[in-house]
Amino acid sequence: MFTPGDRALLREALVEAARSDERVTGAALTGSAALGAEDAWSDIDLAFAVAGEPEPVLADFTARMYREHGAVHHMDVVFERTVFRVFLLANTLQVDLAFWPEADFGATTPKFRLLFGTPQDRPQSPPPDARRLIDLAWLHALHARSSIERGRGWQAEYMIGRVREYALALACVRHGVPAGEGRGLDQLPADVTGPFEATLVGGLGDLAGPFHAVTELLIGEIELVDADLTARLTPLLREIS
């Protein structure tokens, strides 16, 4: 298991490697460290601006992670023209290195603290669209109903979970906390999250109760977004649940 000291030393080494690489024209802390909110379990998140083709820089940093820093595996997440290479180290530390084209390098969220270089002005990423979350929720509610009726318990449990995910995301948007990947859920007030405990499936023989509970909570969230849509959807959602 890594320690905060291990993490700090590795991050310093990676930033120094970036500073000494003429192909890297900027670097920034991202993630919790950018906000001074690290804890013992936080990973390393760094963004690098790359002049020219990013592939050679990415390959060199990848080789360094395996050769010097105990990487055992990695995966890529690609967003627009940016490659986020996510490393798993032998000490269980996760290291996320983002390689941005120089022209795209800049803050799109508050989790961006410049270390060196000149960032571009970038529009801030908007929160998820509430209407889109509502549409995904009712769609998964339909599939939860059909899965239950077909006796497909595992599929039903999955669909109920997705309805809960989107209903809670609506609550996150409403309260102004991060809505993606459950990041803001523990920042929601207890009177919001408490009722959702009844939506947790305790076993495949216990599907109807959680499905009804999550449907009612979803209706409550929709009502806070669009009263007219609530009037149209509520009878149908209550019929299927």
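**Notes on helix 6 (residues 208–223)**
Its 16 residues place the ends of helix 6 23 Å apart at the C-alpha level, agreeing with the 22 Å of an ideal helix rising 1.5 Å per residue. Three or more residues of helix 6 are buried, namely P210, F211, A213, V214, T215, L218, I219, E221 and I222. Elements that come into contact with the buried residues of helix 6 comprise helix 3 (130–149), helix 4 (153–175) and helix 7 (227–240).

**A word on the pattern of salt bridges**
If you walk through the whole model with that rule in mind, you get 13 salt bridges. In this structure, R11 and E38 form a salt bridge, with 2.7 Å as the shortest nitrogen-oxygen distance. Of this pair, R11 sits in helix 1 (residues 4–19) while E38 is found in the loop between strand 1 (24–30) and strand 2 (44–50), placing the two residues 27 residues apart along the sequence. Of the residues examined, R11 reaches a relative accessible area of 13% and is grouped as buried. Between D226 and R131 there is a salt bridge, with its nearest N and O atoms 3.3 Å apart. Taken together, the positions of D226 in the loop between helix 6 and helix 7 and R131 in helix 3 put the pair 95 residues apart, joining distant regions of the chain. Judged by its relative accessible area of 37%, R131 falls in the partly exposed class. A cluster of three or more residues bridged by salt bridges with shared partners is formed by R7, R11 and E38.

**Points about the packing of helix 4 against helix 6**
Contact geometry for helix 4 and helix 6: axes closest at 9 Å, N-to-C directions at 25°. Of the possible angle classes, the one that applies to helix 4 and helix 6 is roughly parallel. Remark: the crossing between helix 4 and helix 6 carries left-handed chirality. Packed against helix 4, whose contacting residues are I160, V163, R164, A167, L170, A171 and R174, the element helix 6 presents P210, F211, V214, L218 and E221 at the interface.

**Describing the packing of aromatic side chains**
The full count for this structure, using the stated rule, is six aromatic pairs. Ring centres of F48 and F99 lie 5.7 Å apart, and the angle between their planes is 65°; on these two criteria the pair is classed as edge-to-face. Separated by 51 residues along the polypeptide, F48 in strand 2 and F99 in strand 5 (residues 94–101) bring together distant segments of the chain. Look at F99 and you get buried, because its relative accessible area is 2%. Ring geometry for F61 against F99: centres 5.8 Å apart, planes inclined by 65°, an arrangement best described as edge-to-face. Remark: F99 occurs in strand 5 and F61 occurs in helix 2 (residues 54–68); sequence separation between them is 38 residues.

Criteria and cut-off values
- Residues numbered from 1 in each chain as written.
- Predicted model: local features only at pLDDT ≥ 70, side-chain atom pairs only at ≥ 80, totals over all residues.
- Heavy atoms only, no water.
- Helix = DSSP H or I, 4+ residues; strand = E, 2+ residues; numbered from the N terminus.
- Expected span 1.5 Å × (residues − 1).
- Buried < 20%, exposed > 50% of the residue type's maximum accessible area, 1.4 Å probe, protein only.
- Contact = heavy atoms within 4.5 Å.
- Salt bridge = Lys/Arg side-chain N within 4 Å of Asp/Glu carboxyl O.
- Axes fitted to C-alpha atoms, helices over the stretch in contact; angles between N-to-C directions.
- Parallel < 35°, antiparallel > 145°, perpendicular 65-115°, else oblique.
- Left-handed = near helix turned anticlockwise from the far one by under 90°.
- Phe/Tyr/Trp six-rings, centres within 6.5 Å; stacked < 30°, edge-to-face > 60°.

Interpretation in functional terms is not warranted from these geometric data alone.
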